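Structural characterization, general
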Amino acid sequence: MVQHTSSKRRMELEAPDRFRPVVDHELCRKCKKCVSECSFRALEFVDGTVKSIGGCVACGRCINICPVQCIEVRQIQSMFPPHANFNEHVRRGIMSQATTGGVLLTSCGTDIPYPVMFDELLLDAAQVTNPAIDPLRETVETATFVGGRKGMLEVKENGRLYMEKDPGPMVAMDMPIMIGHISLGSVSYNAQKALFAAAKELNILAGSGEGGLHKDFNVYSQNVVSEVASGRFGVTGEYLKRTAAVEIKIGQGAKPGHGGHLPGEKVSALISQTRMIPLGTDALSPYPHHDIYSIEDLQQLISVVKEATEYKVPIGVKIAAVHNVGAIASGIVRAGADFITIDGFRGGTGSTPRIIRDHVGLPIEVAISVVDQRLTKEGLRNRVTVFAGGSIRSSADMIKAIALGADAVMVCTAALVAMGCRVCQQCHRGVCSWGIATQREELVSRLDPEVGAARVVRLFRSWNEELKEILGAMGIDSVESLVGNRDRLRYFGPNSKIAEIMGVKHVGEGWG
Amino acid sequence: MPGSTRDRGSLQKNAFDNAGNDRLPTPERYGATRPPGLTYQMGGCGIAGCINMAGGRISGDAIGKMLETMGERENGLGAGFACYGLFPEHRDDYCMQFFLDHEHAKSTVEELLMSLGSITKDEKVYTHRVKTMLPPFPMVWRYFFRPNPRLEWRGRTDLSNDDLMVQLAMHINSDVPGALCVSSGKDMAVFKGNGYSYEISKFFDLGRYSGKMWLSHSRFPTNSPAWWGGAHPISILDWSVCHNGEITSYGVNRKFVEMSGYRCSVLTDTEVIAHTWDLLVRKHGLPVQAAAFVMAPWYHRDILRLDPESARLATWLRLTYKEALLNGPFSIIVGRREPEVTMIALADRKKLRPLLCGRSLDGKTAYVASEECAVRVVEPNAETWTPNAGSPMIAQVGKGILRNGTEHPFVGVG
Amino acid sequence: MTAFDVWGERKKVEAFDPMTAIERKEGCVVIHADRRDEDGRLIHYKVLNQLVRQIMLEGERHIVLDGVMGHRYIASTANRKDLYLEIHGTPGNNLGAFLDGPTIEVYGNAQDLTGNTMNSGKIIVHGNAWDVTGLAARGGTLLIKGNTGYRVGIHMKEYGGTKPAMVIGGTSKDYLGEYMAGGTIVVLNQGGQIDRSPVGMHLGAGIHGGRIFIRGKVEKHQLGPGAVMNQVSGEDAPELEALISQFEQTFNTRVPRDWESWVRISPASSRPFSGHYDPTSV
């Protein structure tokens, strides 16, 4: 049931629960673990049995925690008569707004069944005319470098070849994956610690999110990308200089055109200290950076950050994928960015209005192809590193994103799922039963950062091995030869116009 | 027993090649004009090259023999030869050799050339009818061309003569129907076409030519139509490339050269390789072994074992030019004329294609081929070796073998 | 060099009879592979191999091929154990492919794929052999006096009593013994520099059976996945002795028994990649 503030509840007018936990009382040992573990207070121990009292969101905690696995969470289908147009989703939205009068708030990535182009793309493999490579026995390289390049290198000769100075700052990652920006505030201390520790172990980068960097995490700073968002939380000169790279956040795929929103419930003492704001207030990031109203202002901000970091680290810009993303990306490169992150509309978030999450933006598959093609056409593509994010769910998505034009991908939700998240879309309420999207001590302590880090490490290592398997099958021994190599993809979906826009041939079209 | 009955009628003769293999039908054949709908060509092949480093001359017969011995590597759909040091009396003129499908193409090309400079001499390239080759036979014509000084090309006045020649050749290949420029370097020419290597050799009567260096290639393409323009060597300015293998990073490499102003009209990975050499070495000024390193770089974990200076250079070459990494199997022979006639041989870093080098006992002649027999047939007492994967062999007239393909990537002359 | 009329018009000549390339001598039959047909072209490998087969079927035990120049697939599937094939020149690719019994001796360099999938028999090369030598060999012996190239001895295997062996007098390059499942490779590094490794990288990548003995410097980073390096032990001595003596007699040379300069490469396990895959049903 939605939490609301009106004094008189008219139960018959409200939407019923979507889920109900059902206990098999024959197996139940009455240990009451499920009752204490449910952070949504949907279970109660009454008259000697465990009873469901409403409010279940299918977070899955009770299912795993029950020692005899006797709980089943059922989706209550019978509550609404079936209607394909006025579907359950729509009717619930209406009922909720009629009760609260508010803008519907939600979290995670969009759950509307828009087509996913990743699932309509097939990869190529080498047969006869060139050989596949065995990644278990022969070298297949996945190292990726983040930073700007100058398009050519001056090499001098003096009995041997040498170069004078490094052209610019460059950060090496062992695989083309970056853990995306998840702020301390939207997630817990333990969750962020697990992500940072995983990034360090894997030798990749992790975003700090717009919550600043907690001093305990300085030890991970060489694997952290700091974020300069519109609220400038925790952004001091020292913060900028400490980390491996700096990203200016213009937007986020889940909520293009919208600022960040951390509800007061989640602004604990810890958050208040790290973000340098009063306890319990909503932490709001303005919609635009109020010093960027046009592209030349962005150049100014990039330049001032480069000065502030003494040109020692790459400076990048993150934008949400919107309709003019190609031109915007071009402008960003010309404004001096060393790397660009394009965040697609299916990306996740800790809190956002549903209207923006579900109806605004572009899918990353199309956005990254458009950006890659546009930058290539303008002769700029080899000056920047391009990241693609926004619901990269598996290694297949990662590989296809790279083939569509990304140097590397930004992954957030999948890393959280590895740590326990069930994508139940309740992050904004701050009572995550897995200890991830909450600041409550008793919930945060449920997440062991070492265990979480190890799980994320194993996940991305196996993705990296799968990347090598695919590269090898294609006869490619280094991931840079797949970046933007759209010849290696074929579109298998219903809409050939989309294939044309993405620059991908249709299945059955050869190339010789 | 194959080979015992020789007198088959003309129809039957074309149905078998000289080895008694079935000659598969290729109903579509094209001369200068690119086959419609062609988006990419692939294929396997045989390559061979020889260079007289003392400045002496090698006859076209020798190179023909090298390819002929490796006859299994071709299927009759294309072969070609490049000769350097061919026109000493016209050494300062750009020798532009064309395939022309009709008179209109020829006059268009001539008008264009005359508007941009002067034609010192032009002549029909000698060709000899070969019974086993099927039409079309494009006209093959040669122009010795000198661009006007202070020339304006499409509004630009900052182009060097070399830049202009590159733009001009690409323009003709993409925009003038029925005309294809097959070579445009000084003191060199490319002879190629649709047929077996011995047929092409006979078609152009290569025995009448001699030069300081020859490169050659015989094709085994895996798709029809057969196209004169698609044969190797593929040439831009004085660069020519013979290539055995298939580049799996073609899409990435092509975007890179196109982004730097090159236009692809032949649509093979070899064309992209030729453009990449011109871009990296002539335009960007990279030393040859640095350019070779870019195309076939060491693995990162091996770079770490180099000395720090070399490791830094290696890493930055890989980063800056990552779009120029040639992935997939390849053995290439690259020829250039500036500053002096040079032959470069390079194999991919996994050594998936064969590449053999040879040197005559008197040290004057160097050879490169896909198989040892190609070297032995012309130089029975040659010393032979294989270069390391990803390490170039460089031989230059007047200097000898600068690198034999087993050295440290950045140390030493070359 | 003799000139021949390839480039001119075809003259009216008598049809070439390949049988004229055969010369019968005392104790052996010589086939002149450098004969040219009426087009002036060298005898094609199909013709040459057919002649060899025919003479083999006649029961000849000693066949000499003279003037070989790139002819491929010589003696493929030949299975007469008492046959001795002597080759002068440069045999082409796939010499002795699927060989099952005969002895082939090459006076010259061989090309790629020598001894491809050989079952038994012996191939001797008084010179170099190049890439992919001994691919998938199941038995028999390869003795190479000089150097070899890339991807030598890939997927050699042993079963029952049959075990292949390859002795290389000089050096080899990357991927030696990749996927090895059985058999023995020996690299002698004769005439090589003592401080330069006689083998390349990815040594024994994926080896899960068999062994490679190398005389010379080998560093850990040269090993491929699944390969381990140890000193040569007393147990190895008999096999090594037998192979090296055979090499010494064949090429009339001496190989130092300086065992402390030798290493043995063998598998870390017979399942080098277990644990790599996740069998859960998702």
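This write-up is about the structure you can find in this document. Quick caveat, the model's predicted, so the values are computed rather than measured. (Residues numbered from 1 in each chain as written. Chains lettered and ligands numbered in written order. Predicted model: local features only at pLDDT ≥ 70, side-chain atom pairs only at ≥ 80, totals over all residues. Heavy atoms only, no water.)

**Topic: the packing of helix H7 (residues 269-283) of chain B against helix H8 (residues 288-295) of chain B**
Residue and element names in this part refer to chain B.
- Relative orientation of the contacting elements H7 and H8 amounts to 135 degrees, with a least axis distance of 9 Å. Classed by the angle they form, the pair H7 and H8 counts as oblique. H8 is crossed by H7, and the crossing has right-handed handedness. Side by side, H7 and H8 meet where Thr276, Trp277, Leu280 and Val281 of the first sit next to Val288, Ala291, Ala292, Val294 and Met295 of the second.
- Here the residues of the contact of H7 with H8 are counted per class, giving eight nonpolar, one polar and no charged. (Axes fitted to C-alpha atoms, helices over the stretch in contact; angles between N-to-C directions. Helix = DSSP H or I, 4+ residues; strand = E, 2+ residues; numbered from the N terminus. Parallel < 35°, antiparallel > 145°, perpendicular 65-115°, else oblique. Left-handed = near helix turned anticlockwise from the far one by under 90°. Contact = heavy atoms within 4.5 Å. Nonpolar A, V, L, I, M, F, W, Y, C, P; charged D, E, K, R; others polar.)

**Some remarks on the sheet that holds strand S6 (residues 121-123) of chain A**
Residues and elements named next belong to chain A.
- The strand order S6-S22-S23 describes an open sheet built from three strands, whose pairing is mixed. Strands with a single pairing partner mark the edges of an open sheet, and in this sheet they are S6 and strand S23 (505-506).
- Bridging between strand S22 (residues 489-491) and S23 involves two bridges; their strand directions are parallel. Each residue of the ladder has a partner; that of tyrosine 491, found in S23, is histidine 506. (Pairing = 2+ DSSP bridges.)

**Topic: the nonpolar core**
- Ranked by size, the top nonpolar core spans 127 residues in total, and within it Ile342, Ile436 and Phe460 of chain A carry the most contacts.
- Ranked by the residues each element gives to this core, the list is headed by helix H4 (residues 189-202) of chain A, at eight residues.
- Looking at which domains feed residues into this core, each of domain 1 (19-75) and domain 2 (144-506) of chain A gives three or more.
- If sequence neighbours within four positions are ignored, isoleucine 436 of chain A has contacts with Ser186, Val187, Ser188, Ala191, Leu416, Met419, Gly420, Cys421 and Leu447 of chain A.
- In this structure, Val176, Ala179, Ala290 and Leu326 of chain B belong to the second largest nonpolar core, which totals 76 residues. (Core = buried A, V, L, I, M, F, W, Y, C linked by side-chain atoms within 4.5 Å. Buried < 20%, exposed > 50% of the residue type's maximum accessible area, 1.4 Å probe, protein only. Domains from an automatic or database assignment.)

**Structural notes on the interface of chain A and chain B**
- Residue-level contacts link 51 residues of chain A with 48 residues of chain B.
- Between chain A and chain B lies a buried interface of about 4,300 Å² when both sides are counted; carbon and sulfur atoms form 57% of it.
- Linking chain A to chain B there are ten salt bridges.
- Glutamate 141 of chain A serves as the salt-bridge partner of arginine 349 of chain B, at 3.1 Å between the closest nitrogen and oxygen.
- Run the count over chain A and chain B and you get 28 residue pairs in polar contact (both at pLDDT 80 or more).
- Taken together, the residues that form the side of chain A that touches chain B break down as 19 nonpolar, 16 polar and 16 charged. (Buried area = accessible area lost by both parts, 1.4 Å probe. Salt bridge = Lys/Arg side-chain N within 4 Å of Asp/Glu carboxyl O. Polar contact = N/O pair within 3.5 Å; in protein donor to acceptor, adjacent residues only side chain to side chain.)

Coordinates in, geometry out; function isn't part of it.
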